[in-house]
Amino acid sequence: MLKKLKRKISKALTSDLKRGSKPYENTTLKIKSPSPPPQSPPPPLLLPSSPPQRSTMPHTTKHFPFLFPQTQSTVLPDPSNFFSPNLLSNPLPTNSFFQNFALKNGDQPEYIHPYLVKSSNFSLSLSYPSRFFNSSFIYQVFTPDLTISASQKSHLSHRSHTISSHSDLSVALDIPSSNLRFFLVRGSPFLTLSVTQPTPLSITTVHAILSFSSSESLTKHTFNLNSGQTWLLYASSPIRLSHGLSEITSDAFSGIIRIALLPDSDWKHEAVLDRFSSCYPVSGEAVFARPFCVEYKWEKRGWGDLLMLAHPLHLQLLVDSGCENVSVLSDFKYGSIDGELVGVVGDSWLLKTDPVSVTWHSIRGVREESRGEVVSALVNDVRGTEFVSHNDEFVVFLWEIDCKGCKVRKYLKETIEPWLEGTFNGNGFLYDRKWGGIVTKQGSTDAGADFGFGIYNDHHYHLGYFLYGIAVLAKIDPVWGRKYKPQAYSLMADFMTLSQRSNSNYTRLRCFDLYKLHSWAGGLTEFADGRNQESTSEAVNAYYSAALMGLAYGDTHLVAIGSTLTALEIHAAQMWWHVGAGHKMYEEDFTKENKVVGVLWANKRDSGLWFAPPEWRECRLGIQLLPMLPISEVLFSNVDYVKELVEWTLPALNREGVGEGWKGFVYALQGIYDNEDALQKIRSLNGFDDGNSLTNLLWWIHSRYDEEEFGHGKHCWYDHYCH
C-alpha cells in the first residue's frame, strides 16, 4: 500500500532515546505529493558550459557562501514572463501567496484576504467569495464581482500583468499599457489602485447594478448589486462616473482609487470605511526582532490611521503580545475560509507566541523503570538491521551503547556525505540561478523526478530531514560537523533565508507564509485553489531540525529563528488543521465528519490526501504526526483533542489491508491519554513505518506521563516559572 515516503535521513536521540528514519533509497528523494501536471513547453535546452564538478567544501570563505554546482534547468518556468526586469537578478519566491500570478498564463486566482483576485485579459477581477461545503471539502467560489480595467485596452504587451514588486505581505501588479498598478496587500479591506496617467476606467460586474450614488465631491461612490452586495469606491480626487446595467465607466482620471465591500451590506460599517479610506498600504514586512515574536510593519501613504484585517491566529497572538499600539474593531468583520477577519487599526503589529523549548529529548524523559525495555528493543532493532543497502531500515540511536553508536554513526555518514560531496550515484544537489535555489540533478531535466523537488515542491520537508541527520552528526562528531558546515548551511538557507538583499542566493523563507504563519509545499505548479500543505508535522520538523542544527553548531540566531518558526507552525496547525469539538471556523457538515484536515489549500479544505482517500483516517492522523520527535508532544499538547482524534480514527483500523506502520502512529497518540492500552497494542505490532521502529514507539510511550505539568500550550520551564 501507499505510505508516506519521506523519512530519509536518520533521526537520532540523545539521553532520552529517539528514533532514526530510513535513509535514501536508490537515487531519488521521496516526496508525498503527486507528480505535477505537465508544464507548458519547456525553454530550449541549455547545457552548462562545463559538467557539474564535485562540490568540495574547502574553497568557501565567509564572503562567498557555499553553493552546489550550478545547473540550467530545462523544466522550470521562465520568471521573466511575469516578473519585472529589475527583480530578475534577485532570488524569486517559489511558494508564495501570489505564485499563480507568475505561472503559465498567470490567470488563476489567488486569495488576498478578504478577496479572491484574478488577473486576465489586461484587467483585474475582484471576488468576495461565497463558500461551498459538504462533508468532504470546503472551498471558496470565485465570482467576478468587479472587473477593473482601462476603458481602452492596449495590447502592445503579450502579458496580462507584470509583478513590479513584492514583499512579505504584499504584491504589486501592473497592467501593461494601461497605466494601472494594483497594490494587493494581504488583509486590506480595500483594493487599492494607482492610475499613473490620465486614463478612462471601466468597472464591469456579472451582477446587475440596482442603484448608484455619488457624493457631492465626487470622491465617494456607492453601488448596490443584485447579488446583495454593496460596494464603496473612494478616489483621491474627483472622478465622474456613469453606469449602465452592469458597467461603470469614468472620464480620464489619475490618482488613487480604493474599492471596498461593505461588510454584510450593513450601513453601520460605512463610517469605518469612510474614516480609514484615506490611508492605504503599498507593502508590508514581517520583522523577527526577537525570539517568538513577529512584527508586521506596513508602508503606508495618504493620511490618517491604517485599517487592516486580522485572522483568528493574528488575534490570538496579538492578545498574547499585549500590543498597545493597535485597536481591534471587534464588530467590523469579513467572512473567510480561515475564520472571521476582524478590523485592526495600526500600521505596526506585534505577534507573540508561547515559547517552545527545542531540545534533543522529550520534556519529561523516559521513566526510569521503563528504560530497560527501551534499551532491549534498541539492541534488537540495531542487531536486526544490516547497514548495507539503501533499502534497510534505520533505527534510533542510543548514546549509552557505544558499539552500536559507532555503527550508526558510520551508516549516517555513508548515507549523507555523498549528497553533500556531490558523489551520490545518479543524482545530487545542484543550484538553480534562474529562481535561486537548490534542485536535484534528475529534477533539473524532469519535472516529475524526485516528486517535484526540481520545481521547488516540498523543499522544507526534504531538507528538514537532511538537517536533522546533519545536526545529529555535528553533535556527536564536531570534526565532521565543521567539515560539512558550509553544505549544511546552504541546505538550511534554501528554505530559511531571512535576507532580502539582492546578493542573497536564496529567496526569503521559501515555504513560510508570513501572513498565514504556516508553510506551503506546492512549488512552481499552478493550482486553481492556490498553495497547499498536507503534513504540518513535517513542516514542524523542518524548522525544529534547523534549530537543532543551531544547537549543534552553537548558533544562537539559528536556534532562535528555527524555534520561532516551529512555534508558529504549531499554532497554525492547531488552528486550521486540528478540528476538535467546538471548532467553529468550518461548517458543521465538514466538522462532524472530520477531526483533521487532509490537505489545506489557500482556498480550500480537503478531507482527502495526495496518496489516500478520506476513509483512510489512520493515514490522515499519521501524516500529521510523523516523524515522531520530542517536538511532537508540543504539536499534540491538547489531550482532549488527541482523544477525539484517536477515537475518530480507531474504527478505520478494522478495514482490511490497514498497514501496521499506520497503526503505530494511532497507538502512539492513544498513549498520551491511555498509556497502558496503547503500550500493549504497540508491543503486538509486527511492522513499523519507514521512519519508525519499536524502539521509537516505546521511547514515546514511556515518556508520556499522566499529570499535566504546565497545561495546554506551555512547554518552556522558564516561561512557566518566570512569566
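Summary of the structure given here. All figures in this text were calculated on a predicted structure; none of them were measured in a lab.

1. Some thoughts on the overall build of the protein chain
Thinking step 1. Within the protein chain one finds 17 helices and 31 strands.
Thinking step 2. Buried positions account for 63% of the 723 residues belonging to the protein chain.
Thinking step 3. Across the protein chain, contacts joining residues at least 24 apart in sequence account for 69% of those joining residues at least 6 apart.
Thinking step 4. Here the protein chain has roughly 26,400 Å² of accessible surface; of this, 51% comes from carbon and sulfur atoms.

2. Structural notes on the sheet that holds strand β30 (residues 599-601)
Thinking step 1. One open sheet holds the five strands; their spatial order is β5-β6-β31-β30-β29, and the pairing between them is antiparallel. Strand pairing shows two members of the sheet lacking a second neighbour, β5 (130-133) and β29 (532-533), which therefore form its edges.

3. Comments concerning the sheet that holds strand β23 (residues 341-345)
Thinking step 1. Read across the open sheet, the three strands follow the order β21-β23-β22; overall the sheet is antiparallel. Since the sheet does not close on itself, it has two edges, and those belong to β21 (307-310) and β22 (327-334), each with one partner. Across the sheet, the mean angle from the axis of one strand to that of its neighbour is 35°, orientation sign disregarded.
Thinking step 2. In the sheet, β21 pairs with β23 via four bridges, with the strands oriented antiparallel. Its bridge partner lying in β23, Leu309 is registered against Gly343.

4. What about the packing of aromatic side chains?
Thinking step 1. A full pass over the atoms with the stated rule returns 35 aromatic pairs.
Thinking step 2. Relative to Tyr543, the ring of Phe512 lies with its centre 5.9 Å away and its plane at 90°, an arrangement referred to as edge-to-face. Placement of Phe512 in strand β27 (residues 512-513) and of Tyr543 in helix α8 (residues 536-553) is noted, with a sequence separation of 31 residues between them.
Thinking step 3. Between Trp601 and Trp610 the ring centres are 5.8 Å apart and the planes differ by 50°, which places this aromatic pair in the tilted class.
Thinking step 4. Through successive ring pairs, a cluster of aromatic residues spans Phe66, Phe68, Trp419, Phe424, Phe429, Phe453 and Phe466.
Thinking step 5. Here the guanidinium or amino end of Arg258 rests over the ring plane of Phe190, the centre of that ring lying 4.0 Å away.
Thinking step 6. Sitting above the plane of the Trp700 ring, Arg704 keeps its charged end 3.9 Å from the centroid.

5. Considering unusual backbone geometry
Thinking step 1. A cis amide bond, omega 5°, links His113 with the succeeding residue Pro114.
Thinking step 2. Summarising the element assignment, Pro114 is placed in the loop between β2 (110-112) and β3 (115-120).
Thinking step 3. One non-glycine residue with positive phi stands out, namely Lys104, at about 50°.
Thinking step 4. Of the residues examined, Lys104 reaches a relative accessible area of 39% and is grouped as partly exposed.

6. Here's the deal with the packing of helix α5 (residues 459-476) against helix α7 (residues 485-496)
Thinking step 1. At a minimum axis separation of 9 Å, α5 and α7 run at an interaxial angle of 150°. In this view, α5 runs roughly antiparallel relative to α7, as classed from their interaxial angle. Handedness of the crossing formed by α5 with α7: left-handed. Of the residues in α7, those touching α5 at His459, His460, Leu463, Gly464, Phe466, Leu467 and Ile470 are Ala488, Leu491, Met492, Asp494 and Phe495.
Thinking step 2. In terms of residue class, the contact of α5 with α7 is built from eight nonpolar, three polar and one charged.

Calculation rules
Residues numbered from 1 in each chain as written. Predicted model: local features only at pLDDT ≥ 70, side-chain atom pairs only at ≥ 80, totals over all residues. Heavy atoms only, no water. Helix = DSSP H or I, 4+ residues; strand = E, 2+ residues; numbered from the N terminus. Buried < 20%, exposed > 50% of the residue type's maximum accessible area, 1.4 Å probe, protein only. Contact = heavy atoms within 4.5 Å. Areas by Shrake-Rupley, 256 points an atom, 1.4 Å probe, with all protein chains shown as cover. Pairing = 2+ DSSP bridges. Axes fitted to C-alpha atoms, helices over the stretch in contact; angles between N-to-C directions. Phe/Tyr/Trp six-rings, centres within 6.5 Å; stacked < 30°, edge-to-face > 60°. Lys NZ or Arg CZ within 6 Å of the ring centre and 35° of its normal. Parallel < 35°, antiparallel > 145°, perpendicular 65-115°, else oblique. Left-handed = near helix turned anticlockwise from the far one by under 90°. Nonpolar A, V, L, I, M, F, W, Y, C, P; charged D, E, K, R; others polar.

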